[in-house]
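Structural overview
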Amino acid sequence: MEIRVQLTTTPKRKPESTNLGFGRVFTDHMFMMDYTPEQGWHDPRIVPYGPLALEPATAVLHYAQAVFEGMKAFRAQDGRVLLFRPRLNLERLNRSNARMCIPPIDPEFVLQALKQLVNLDRDWIPTAPGTALYIRPFIFAADPILGVHPARTYKFIIFLSPVGSYYAQGINPVSIYVEPEYVRAVRGGTGEAKAAGNYAAGLKAQQAANAEGHAQVLWLDALEHRYVEEVGAMNVFFKFGDEVATPALSGSILPGIVRRSVLDLLRSWGMEVSERRITIEEVYEAHSSGTLKEAFGTGTAAVISPIGRLAWRDQVIQVNEGRIGELAQKLYDTLTGIQTGRLPDELGWTEEV
Ligand code: COI
């Protein structure tokens, strides 16, 4: 399919690289295409970034039939623009599509479209340490019909946002509230898909956690409220003595690309790594006995975010005395080093635009 290109006639001023925050400014262009059962995905185009006109009855606004992805492009010192394991995101997008009754996309075509878009807006890629061009592909149900059923028509859009760190704290350790009552996802639900509604479901608990000074919520399993699952915008790892453990993918946890990359790196370093069930009691007991060495989150937006404090019921503990752990720092340096071309990409994870 040929991608039609309409360039903006009013290019925007690019922001300073130093105080970007996360997802507040958007580049000049976006990619779009439409789906109908008759034509499949069609009319791929790059157009100026701007508002969409939608009827109030548009299905996604009512029933949240929508999925999304999060990826990043980096500018290497030699000027190359690098994507990080983009095919894994597009494969995951299709798994999310399947769960949400959305027609699949062609990952190779979308990757080419995404590269064309990033290349067009490449001057927007920030270069300050810890910054990147965040890429947000998403698909939503576009039928203006109120009956509850999978839509016939969809829109697929990719837009771009120069970003700094996800948390105001940067790479400094965050405080996390362990949610004892609300749940994010239940096995058999949509928790392992990157479905828009999963994030709405988490807002109530996050609001309460924020009000008490915590950055985010650590979700426990929905049945027993014991097993650690994930932290809304990131997967979670614990270092117990020499073992680095993360919750096994149970069906209600998002299979993160950075989670997978951290597991690959740790294994390549010969470390003892497990994907298994972890109870919140185990985390607290390890803290009491002195074997809980570090805790950190992983995600595209969050990169590696050390956890300095956990609050579960009335028990607040400090992890690694609230400091960045040695392992979290090493993972952060290695991952961002590979992503930005500063370190050799021995595992073949980056792809040039
Ligand atoms: C990402 O890490 O890219 C995500 O999609 C998390 C997000 C909700 C900010």
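Note that the structure is predicted; figures quoted are calculated from it, not measured.

Rules used throughout
Residues numbered from 1 in each chain as written. Predicted model: local features only at pLDDT ≥ 70, side-chain atom pairs only at ≥ 80, totals over all residues. Heavy atoms only, no water. Helix = DSSP H or I, 4+ residues; strand = E, 2+ residues; numbered from the N terminus. Buried < 20%, exposed > 50% of the residue type's maximum accessible area, 1.4 Å probe, protein only. Contact = heavy atoms within 4.5 Å. Core = buried A, V, L, I, M, F, W, Y, C linked by side-chain atoms within 4.5 Å. Domains from an automatic or database assignment. Buried area = accessible area lost by both parts, 1.4 Å probe. Salt bridge = Lys/Arg side-chain N within 4 Å of Asp/Glu carboxyl O. Near = heavy atom within 4 Å. Polar contact = N/O pair within 3.5 Å; in protein donor to acceptor, adjacent residues only side chain to side chain. 1 Å grid on protein atoms, 1.4 Å probe; cavity = no way out; pocket = protein on both sides within 12 Å on 5 of 7 lines; lining within 4 Å. Sits in = over half its atoms within 2 Å of the grid points. Nonpolar A, V, L, I, M, F, W, Y, C, P; charged D, E, K, R; others polar. Pairing = 2+ DSSP bridges. Points joined across faces, edges and corners; volume = space filled by probe spheres on them. Expected span 1.5 Å × (residues − 1).

**Notes on the environment of T58**
Inspection of the secondary structure puts T58 in the loop between β3 (40-48) and α1 (60-63). Overall, the relative accessible area of 2% leaves T58 in the buried class. When the C-alpha atoms of T58 and A141 are compared, they prove to be 7.3 Å apart, with 83 residues separating the residues in sequence. Setting aside chain neighbours within four positions, we find T58 in contact with A141, A142, D143 and P144.

**Topic: the nonpolar core**
The biggest cluster of nonpolar side chains holds 46 residues, and the ones touching the most others in it are F31, V118, I135, I139 and F156. In terms of residue count, helix α3 (residues 107-120) provides more of this core than any other element does, seven residues in total. Not counting residues within four places of it along the chain, the set of residues in contact with V118 comprises A73, V81, I125, L133, I135, L160 and V353. With 27 residues, the next largest nonpolar core counts A215, L220, A245 and L292 among its residues.

**Comments concerning the domain arrangement of the protein chain**
Looking at the protein chain, the domain boundaries give domain 1 (4-163) and domain 2 (174-339). Taking the mean C-alpha position of each, domain 1 and domain 2 sit 27 Å from one another. Tallying the contact residues gives 21 residues for domain 1 and 22 residues for domain 2. Here domain 1 packs against domain 2, burying approximately 1800 Å² in sum over the two surfaces, 63% of which is carbon and sulfur. Taken as a group, F68, F84 and R92 account for 33% of the area that domain 1 buries against domain 2, more than any other trio of residues on that side. Summed over the shared surface of domain 1 and domain 2, the number is one salt bridge. Notably, a salt bridge pairs R85 with D264, separated by 3.4 Å at the nearest N-O pair.

**A few points about the site of the ligand**
Around the ligand lies a shell formed by F68, G70, Y134, R136, Y166, K194, Y199, T300 and A301. Taking T300, its main chain carries an N or O atom lying 3.3 Å from an oxygen atom of the ligand. A distance of 2.8 Å separates an oxygen atom of the ligand from a polar atom in the backbone of A301. Counting atoms within 2 Å of the grid points, the majority share of the ligand lands in the largest pocket. Split by residue class, the shell around the ligand holds five nonpolar, two polar and two charged. Shared between two domains, the shell around the ligand holds at least three residues of each, these being domain 1 (4-163) and domain 2 (174-339).

**Quick notes on the pairing of strand β9 (residues 174-178)**
Most of β9 is tucked away, with five of its five residues classed as buried. Inspection of the sheet shows β9 paired to strand β15 (residues 303-312) by five bridges, in the parallel sense. Across the sheet, Y177 pairs through a bridge with A311, a residue of β15. Pairing geometry for β9 and strand β10 (residues 216-218), over three bridges, is parallel. Paired with Y177 across the strands is V217, a residue of β10.

**Points about the layout of surface pockets**
Here the largest pocket defines a volume of roughly 560 Å³. As for the largest pocket, its lining consists of 32 residues, and the residues nearest its centre are Y166, K194, Y199, G232 and A233. Sorting the residues of the lining of the largest pocket by element identifies β7 (132-141), α4 (196-201), α5 (203-211), β10, α6 (257-268) and β14 (292-299) as the ones contributing at least two each. Here the lining of the largest pocket takes three residues from α4, the largest share from any one element. Of the residues contributing to the lining of the largest pocket, the split by class is 16 nonpolar, eleven polar and five charged. Residue assignment places the lining of the largest pocket across two domains, with domain 1 (4-163) and domain 2 (174-339) each supplying three or more.

**A look at α6**
Side chains of residues three or four places apart in an α-helix project in the same direction, reflecting 3.6 residues per turn. With twelve residues, α6 should reach 16 Å at 1.5 Å per residue; the first-to-last C-alpha distance of 16 Å fits that figure. Phi turns positive, to about 75°, at G270, one or two residues after α6.

**Things to note about helix α2 (residues 86-99)**
In a regular helix each residue adds 1.5 Å, so 14 residues correspond to 20 Å; α2 covers 20 Å between its end C-alpha atoms and thus fits that length. Residues of α2 that are buried include every one of P86, L88, N89, L90, R92, L93, N94, S96 and N97, and no others. Note on α2: the residue one or two positions beyond its end, C101, has a positive phi of about 60°.

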